[in-house]
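Summary of structural features
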Amino acid sequence: MLSRASTLSRPLVTAVFIPSVGKCSSVTDGSGSSTNNDEQNQSADICLDISRMSSWHRSIYHGECPTMNKFRWQSERRNLRKRFAMYGKASDVDLSVLWPNNTELEILQYEEDNWKPKLENMIKLEKTLAMKADARMQRRIEQVETNVKNYNKVLKEYNEKREKREREMLAAKQENERKIREIQDHFGYPVDPSDPKFVALMEKKRLEERKVSFYFLSYH
């Protein structure tokens, strides 16, 4: 529903047309008396409304209560509440529809009980979360203090692991290069590693090495 403030911000445009009517010529009948046209002798005030506002909006502009059921949204509860709050008894609103019915009250009560916790419960929950956060922070502080004490030891272990990983990567790279050279020597010319023959021979060598490693571990 249009608010009264929004409608008052748009002025009602009217135009008044007042024609000037002069004296008309007299008409003489057989007796010699003359009759004057009263409508032509009177000045006519004709007011033309050119605002193109409907009667519903015009009543709002003049501060009057508009008619009901002009628009579909007027039957909604929130709009009925606004209408009654603005115009009171003149709004012709049934007060019983402004309040929730029994079914709606049950739904509201269910939402209140299950989705809107009580203040006491929220306070307890906040205290519990604060205690857990403090405990987690305390454990973190203790862990940092322990790491500071063992910094040199931890740093040494980290460097050893990194060096070991680098050695393993280098050994794997060298082993792969060795296999590539053996396969190329087998064919007698440089072979592209993506060649199917190269891939098949590489897989064959890997299986042979696995068998050798398996037999070696079995006997030892």
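Residues numbered from 1 in each chain as written. Predicted model: local features only at pLDDT ≥ 70, side-chain atom pairs only at ≥ 80, totals over all residues. Heavy atoms only, no water.

- An unreviewed UniProt entry lists the chain under the name Large ribosomal subunit protein mL64, with Trichuris suis as the source organism.
- Recorded under Sequence similarities (unreviewed entry), the UniProt text for the chain is reproduced unchanged: "Belongs to the mitochondrion-specific ribosomal protein mL64 family." (UniProt positions renumbered as here; feature names shortened; annotations may be inferred.)

Quick look at the overall build of the chain
- Per the secondary structure count, the chain includes eight helices and four strands.
- Helices and strands appear in the chain in the N-to-C order α-β-β-β-α-β-α-α-α-α-α-α.
- Looking at the chain as a whole, 10% of its 220 residues qualify as buried.
- Contacts in the chain between residues at least 24 apart in sequence constitute 41% of all its contacts with a sequence separation of at least 6. (Helix = DSSP H or I, 4+ residues; strand = E, 2+ residues; numbered from the N terminus. Buried < 20%, exposed > 50% of the residue type's maximum accessible area, 1.4 Å probe, protein only. Contact = heavy atoms within 4.5 Å.)

Focus on unusual backbone geometry
- At Asp92, a position not held by glycine, the phi torsion is positive, near 60°.
- Residue placement: Asp92 occurs in the loop between helix H4 (77-87) and helix H5 (102-114).
- Here Asp92 falls in the exposed class, since its relative accessible area comes to 63%.

A look at the packing of aromatic side chains
- Scanning the entire structure with this criterion turns up three aromatic pairs.
- Taking the centre distance of 4.9 Å and the plane angle of 85° together, the rings of Trp56 and Phe71 count as edge-to-face. In this pair, Trp56 sits in helix H3 (residues 55-61) while Phe71 sits in the loop between H3 and H4, placing the two residues 15 residues apart along the sequence.
- Given a relative accessible area of 2%, Trp56 falls into the buried group.
- Taking 5.7 Å as the distance between ring centres and 5° as the angle between the ring planes, the aromatic pair formed by Phe71 and Trp73 counts as stacked.
- Residue classification places Phe71 among the partly exposed positions, given a relative accessible area of 31%.
- A residue is classified by how much of its surface remains accessible, and Trp73, at 27% relative accessible area, is partly exposed.
- By the ring-pair criterion, three or more aromatic residues cluster together here, those being Trp56, Phe71 and Trp73. (Phe/Tyr/Trp six-rings, centres within 6.5 Å; stacked < 30°, edge-to-face > 60°.)

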